Amino acid sequence: MGVIRFLKNWTLPIAMLAGVIAYFVYVNIPGLGFTRPFVNRAVDIIQPLLIFSMLFLTFCKVNLKDLHFCKWHLWLLLFQALSFIILAMILILLPHSGLRVVLEGAMICLICPTATAGAVITKKLGGNAGSLTTYTIFINLVTSLLVPALIPFVHPHPEMSAFNSFVLIIGKVFPLLLLPFVAAVLLRYIFPKLHAKISEYHELSFYLWAVALALAIAVTVKSIVHSEVSFYTELGLAVVSLVCCGLQFFIGRKIGRHYQDPISAGQSLGQKNTVLAIWMGYTFFTPITAIAGGFYSVWHNIVNSYQLYEARKKDEKMAH
């Protein structure tokens, strides 16, 4: 039981470490070299499926009657949307900027929606999971609109028109971010018994997130190992992701404190669906840009691990 408790308490850092170790073990087994194209293809399929599954399980627990718009939702949405738009405008006006990759990394760190396991973490920290889930739905909608609208101009595809890029991106983003919610709502009303059964396993999303996180970290390590960009560019991505992480936790808590909900607002803005960020990075930008999402994953999980540790200490102190 002690081992199981340890694994539950430290799921996030264990998942990150597992991703790093798994990558280096796999690439250093000579006999598995021929499997790499198949593994790469499998990862391309598995990552979106995990993202969809995590969101679906999270939304199955949501009762539409419990969804309430809070004033802090609007401020956080404005922050994410405006920061993304401002960086996009800078890159559109300065297409040959030497900081392009770093700014693209900042873009995915800022627009990335709230983590699917955010409600679980928020509840453990004593926040309002319902408020966070409501915000998750709103920011998924905003992201699914802004990403297809701006990325074709920020990172144009040489063989595609802006409209074709828009259609391609929206075809990849909408199913991942909006269909899980639609599917969960339809299941609730069409097959209520099946919905009730699935809802019993909503915390499974936390552990699916751990698997997805390990896979995303492995993809990030691969990008770093095979990267041909300078060390300073990689360092820039690490720094900008750290700044984005600290800034969003700070701003989220600051705004949330004004509305007596600092934990929920802080987690809504700071805790990201980094699996999606990494996926957006290498799907719509470059594998190098995806490194920013990987670094963000490290930073926000360090913050979460520390917060959970402090919450456990507080609970143990109260128990005694």
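Description of the structure in this document. (Residues numbered from 1 in each chain as written. Predicted model: local features only at pLDDT ≥ 70, side-chain atom pairs only at ≥ 80, totals over all residues. Heavy atoms only, no water.)

1. A short note on the environment of H155
Position of H155 relative to the elements: it lies in the loop between α7 (129-154) and α8 (162-177). Dropping the residues within four chain positions of it, H155 is found in contact with R100, E104, F284, F285 and T286. In this structure the side chain of H155 is engaged in a polar contact, spanning 3.0 Å, whose partner is the side chain of E104. (Helix = DSSP H or I, 4+ residues; strand = E, 2+ residues; numbered from the N terminus. Contact = heavy atoms within 4.5 Å. Polar contact = N/O pair within 3.5 Å; in protein donor to acceptor, adjacent residues only side chain to side chain.)

2. Observations regarding the side chain of K272
Tracing the sequence through the fold places K272 in the loop between α13 (262-270) and α14 (274-284). Of the side chains with opposite charge, D261 comes closest to the buried, unpaired K272, at an N-O distance of 16 Å. One polar contact links the side chain of K272 to the main-chain carbonyl oxygen of C112, over a distance of 3.0 Å. Beyond its immediate stretch of four places on either side in the chain, K272 contacts Q80, C109, L110, C112, P113, T114, A115, W209, Q248, Y296 and H300. (Buried < 20%, exposed > 50% of the residue type's maximum accessible area, 1.4 Å probe, protein only. Lys, Arg positive; Asp, Glu negative; His and termini not counted. Salt bridge = Lys/Arg side-chain N within 4 Å of Asp/Glu carboxyl O.)

3. Quick look at unusual backbone geometry
Backbone geometry places Q260, a non-glycine residue, at a positive phi of 60°. Inspection of the secondary structure puts Q260 in the loop between α12 (231-258) and α13. Given a relative accessible area of 68%, Q260 falls into the exposed group.

4. What about the packing of helix α2 (residues 11-27) against helix α11 (residues 204-225)?
Between α2 and α11, the shortest axis-to-axis distance is 7 Å and the interhelical angle comes to 40°. On the basis of their axis angle, the class for α2 and α11 is oblique. Viewed along their axes, α2 and α11 form a crossing whose handedness is right-handed. Here α2 contributes T11, L12, A15, M16, G19, V20, Y23 and F24 to the contact with α11, which in turn contributes F206, Y207, W209, A210, L213, A214, I217, A218, V221, K222 and V225. (Axes fitted to C-alpha atoms, helices over the stretch in contact; angles between N-to-C directions. Parallel < 35°, antiparallel > 145°, perpendicular 65-115°, else oblique. Left-handed = near helix turned anticlockwise from the far one by under 90°.)

So far we have only geometry, and geometry alone does not tell us how the molecule works.
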